[in-house]
Amino acid sequence: MRINFTKMHGLGNDFVVLDEIQQLIGLTPAQIRFLADRHFGVGADQVLSVRAPTSADVDFAYVIHNADGETVEHCGNGARCFVRYVRSKGLTDKRTIRVSVAKGQIELTEGDDGQVRVDMGEPVFEPAEVPFDTESLTAEPCGDWHAWTLDASLHGAPDSARMGTAVWPAEMSLGVLSMGNPHAVQVVGDVDTAPIDLWGPWVERHPRFPNRVNAGFMQIVSRDHIKLRVYERGAGETLACGTGACAAVVTGIRWGLLNETVSVDTRGGTLTVAWAGLGQPVWMTGPATAVFEGAIDVPDA
């Protein structure tokens, strides 16, 4: 089967974008993995599908698959690429569109400067809705919220990095929330030297997160500026993570560490995230770039 695609990225978080407006392609998880493979396919962190609206109050539907073939609920960098794609392809002439995602709707606006502003919705703090298993855990007060402490000596801590060492801490203190997908955020002294390759997979697959989790590592530079690395569920560490940036800023605000508007430096570039507090949506602003278009023969699976 031959399919047409567009390769895009948001600060290096890269995507294969598929037009499924007229007809669903019906790719299997194995075919998604093939497309995302950087050696045998196109190469991407996620595969994004642009689909016809599912209700009268939205313009499009937005479906996201991680590189491992699994469907995920949300992707902020992908959302910015989504609006750039539908406008450049002539699928809409609106600057602001509403799009349905797995857990609701989001609003996307492309500005004259090429920056895309996304209403990412309200963060969700109820552990059961993340989901996050809090049985036998005690929440530690932090700012106007709390942190959850996990015993890092348990659940598959690598033998090469035992607890209580500089590489493997005895405990990890996390802010746990959902931005339409699950996130666990922790503060580190230096994101450039933090062993994300060890800590990220451990947090992502911790048994207290039944659907796995995106693991964020945040360095506070000032009250208006953070550095961030995210080990994404099903994709590994990416150059940028939009929902992860939102989750990190919300965590920092609730812990009393950050102001309402924050510049977030990722390895792929800078996002601006703003949150006015409880009951308000998170707003994310950043670029979206088309790289190339092509066609590829996808093997049967």
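Look up a bit, the structure's there.
This section reports on the structure supplied with the text. For every chain, the first residue of the written sequence is number 1, and numbering continues from 1 onward in sequence order. It should be noted that, the model being predicted, local features are given only for residues of pLDDT at least 70 and side-chain atom pairs only at 80 or more, the latter also being counted only at that level, while totals for whole chains, interfaces and linings use all residues. Side-chain measures here rest on the full set of heavy atoms in the structure, leaving out hydrogens and waters.

**Quick look at helix H1 (residues 29-36)**
For clarity, the cut-off: Each residue is assigned to one of three classes by its accessible area relative to the maximum for its type, calculated with a 1.4 Å probe on protein chains only: buried under 20%, partly exposed between the two thresholds, exposed over 50%. Strands are runs of DSSP state E lasting at least two residues, helices are runs of H or I lasting at least four, and both sets are numbered from the N terminus onward. Between two residues, a contact is recorded if the distance between any of their heavy atoms is within 4.5 Å.
All of the buried residues in H1 are Gln31, Ile32, Phe34, Leu35 and Ala36. Buried residues along H1 sit in contact with strand S1 (2-10), strand S2 (13-20), strand S3 (46-51), strand S4 (60-66) and strand S19 (289-297).

**Notes on the environment of Lys89**
Tracing the backbone through its elements, the reader meets Lys89 in the loop between helix H2 (76-88) and strand S6 (96-101). Exposure remark for Lys89: the relative accessible area of 35% places this residue in the partly exposed category. Taking the C-alpha atoms as reference, Lys89 lies 37 Å from Pro201; in sequence the two are 112 residues apart. Not counting the four nearest positions on each side in its chain, Lys89 is found in contact with Thr6 and Glu293.

**Here we look at empty space enclosed by the protein**
Here the idea is plain: a probe the size of a water molecule rolls over the atoms and shows the empty space left. Stated formally: Using only the protein atoms, space was sampled on a 1 Å grid; points where a 1.4 Å probe fits but cannot get out form cavities, open sets with protein on both sides within 12 Å along at least five of seven lines form pockets, and lining residues are those with an atom within 4 Å of a point. Grid points are joined across faces, edges and corners, and a volume is the space filled by probe spheres set on the points.
The final tally for this structure, using the stated rule, is two cavities of 30 Å³ or more. Here the largest cavity is characterised by a volume of approximately 90 Å³. If you trace the largest cavity, you find 15 residues lining it, with Gln46, His74, Asn181, Asn214 and Glu232 closest to the centre. Of all the elements in the fold, those that place two or more residues in the lining of the largest cavity are S4 and helix H4 (242-254). By volume, the second largest cavity amounts to about 50 Å³. Leu228, Arg229, Val230, Glu237, Thr238, Leu239, Ala240, Cys241, Thr266 and Arg267 together form the lining of the second largest cavity. Broken down by secondary-structure element, the contributors of at least two residues to the lining of the second largest cavity are strand S14 (225-232) and strand S15 (236-238).

**Considering the side chain of Arg233**
Looking at the secondary structure, you find Arg233 in the loop between S14 and S15. We classify Arg233 as buried; its relative accessible area is 6%. Each residue touching Arg233, except ones within four places of it in the same chain, is listed here: Asn66, Val72, Glu73, Asn181, Pro182, Glu204, Asn211, Arg212, Val213 and Asn214.

Everything listed here is a matter of coordinates, which is why it stays silent on function.
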